[in-house]
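Summary of structural features
Each chain is listed here by its residues.
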Amino acid sequence: MPTIVVDVMPKAELLDPQGKAVSGAFARLGVEGFSQVRIGKRFELTVDGEVTDELLAEARRVAEDVLSNSVIEDVVGVEVAQ
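The present account deals with the structure reproduced in this document. (Residues numbered from 1 in each chain as written. Predicted model: local features only at pLDDT ≥ 70, side-chain atom pairs only at ≥ 80, totals over all residues. Heavy atoms only, no water.)

Overview of the sheet that holds strand E1 (residues 3-10)
What counts, and what does not: Any two strands with at least two DSSP-identified bridges between them are counted as paired. Segments assigned H or I by DSSP are reported as helices when at least four residues long, segments assigned E as strands when at least two residues long, and all are numbered from the N terminus. Helix axes use the C-alpha atoms of the stretch in contact, all axes being lines fitted to C-alpha atoms, and the angles between their N-to-C directions lie in the range 0 to 180 degrees. What makes two residues a contact is simply this: any of their non-hydrogen atoms within 4.5 Å.
Within the open sheet, the 3 strands sit side by side as E2-E1-E3. Their pairing is antiparallel. Looking along the sheet, the strands with just one partner apiece sit at the ends: strand E2 (41-46) and strand E3 (73-81). Across the sheet, the mean angle from the axis of one strand to that of its neighbour is 20°, orientation sign disregarded. As paired strands, E1 and E3 are joined by 8 bridges and run antiparallel to one another. Opposite Ile-4, over in E3, you have Val-80 as the bridge partner. Each of E1, E2 and E3 touches helix H2 (residues 53-67); the most contacted strand, E3, lies at about 150° to it.

Given below as structure tokens:
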């Protein structure tokens, strides 16, 4: 069955407290080479049947209207998983 993957991230201008906590943990653990961590959400929508252009457009609409909070988050990806 095909799957549509939706990725949602906090807006770039907003503080990401979870990402900041992970960055701090990296420093305490001696992990180097990463300057910043941002944590988002991934949704996997299992499709009944074929993925059409109309269904992908509906997934984009749902991503914007239901799966994300447009005040604090951006939908950064809606794609069919291979």
